[in-house]
Amino acid sequence: MIFKRNASDFMTTNVIMASEGNTFDQVMTFFTEHKIQHLPVGEGNKLIGIISIKDMLNYVAVQFRSNPGATASDLSNNFSIASVMTANPITVTPDSPQQEVLEKLSTGRFQALPVVKEGYIQGIITNKDITRLYNYDLNH
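Residues numbered from 1 in each chain as written. Predicted model: local features only at pLDDT ≥ 70, side-chain atom pairs only at ≥ 80, totals over all residues. Heavy atoms only, no water.

S.K.: Which residues make up the pairing of strand β4 (residues 112-117), and what are the values?
M.R.: Among the 6 residues that make up β4, 5 are buried, leaving the element largely enclosed by the rest of the structure. For β4 and strand β5 (residues 120-126), the ladder comprises 6 bridges, and the chain directions are antiparallel. In the strand pairing of β5, K117 is matched with Y120. Once β4 ends, the chain turns through 2 residues before running back antiparallel as β5, passing E118 with a positive phi of about 55°. (Buried < 20%, exposed > 50% of the residue type's maximum accessible area, 1.4 Å probe, protein only. Helix = DSSP H or I, 4+ residues; strand = E, 2+ residues; numbered from the N terminus. Pairing = 2+ DSSP bridges.)

Following this line, the structure appears as structure tokens:
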């Protein structure tokens, strides 16, 4: 495997972002329509957090445990991105070496790393991007 790359060489640059004002339905739509599992949250392009589909499932589970009769309307009314997202997530910069990215993702605590420069989102790297990179290296 080649370790001379930087994050900018293999990050996904077309990043779908949410804002704190997005509703439960909007966030779920981002995940389903864009077929993504991680959604950076920002004020403009300034990263303030990240939310995963797993975070959303945990939110739904908690809502139904606390109120077994909860409705879709309850899920929407009780939702706030700020209470579900991970604020100030671990990030890398576009210049971060591939080895640093691998080390951070290998901890197993999360499966996506926002790529930021001076606090602004530049891209995202997920385990899927690493798999694609590894496959490329094996075949070229």
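There is more to say after this.
S.K.: Describe the pattern of salt bridges, with residues and values.
M.R.: Counted according to the given criterion, the structure contains 2 salt bridges. In this structure, E100 engages K104 in a salt bridge whose closest nitrogen and oxygen atoms are separated by 3.2 Å. Of this pair, E100 and K104 are both found in helix α5 (residues 98-105), 4 residues apart, which corresponds to roughly one turn of the helix. Owing to a relative accessible area of 24%, K104 belongs among the partly exposed residues under this scheme. A salt bridge links D129 to R132, with the shortest nitrogen-to-oxygen separation between them at 2.9 Å. Note that D129 and R132 are positioned in helix α6 (residues 127-139) at a spacing of 3 residues, about one turn of the helix. (Salt bridge = Lys/Arg side-chain N within 4 Å of Asp/Glu carboxyl O.)

S.K.: Any chance you could break down the environment of K117 for me, citing the residues and the numbers?
M.R.: Looking at where K117 falls in the secondary structure, it is placed in strand β4. Taking C-alpha positions, K117 is 9.8 Å from L47, a pair spaced 70 residues apart along the chain. Setting aside its immediate chain neighbours within four residues, K117 contacts P94 and Q122. (Contact = heavy atoms within 4.5 Å.)

S.K.: Residues and numbers for the nonpolar core, please.
M.R.: When a protein is soluble and globular, its nonpolar side chains tend to lie buried together. Grouped together as the largest cluster of nonpolar side chains are 17 residues, with contacts concentrated most on I51, M56 and F79. Counting only elements with at least two residues in this core, the list comes to α1 (24-34), β1 (38-43), β2 (46-52), α2 (53-66) and α4 (81-84). Broken down by element, this core gets its largest block of residues, 4 residues, from α1. Contact partners of I51, with chain neighbours within four places excluded, come to F31, Q37, H38, L39, V41, M56, F79, V84 and M85. Counting residues in hydrophobic clusters, the runner-up holds 13 residues, among them V92, L102, L105 and L133. (Core = buried A, V, L, I, M, F, W, Y, C linked by side-chain atoms within 4.5 Å.)

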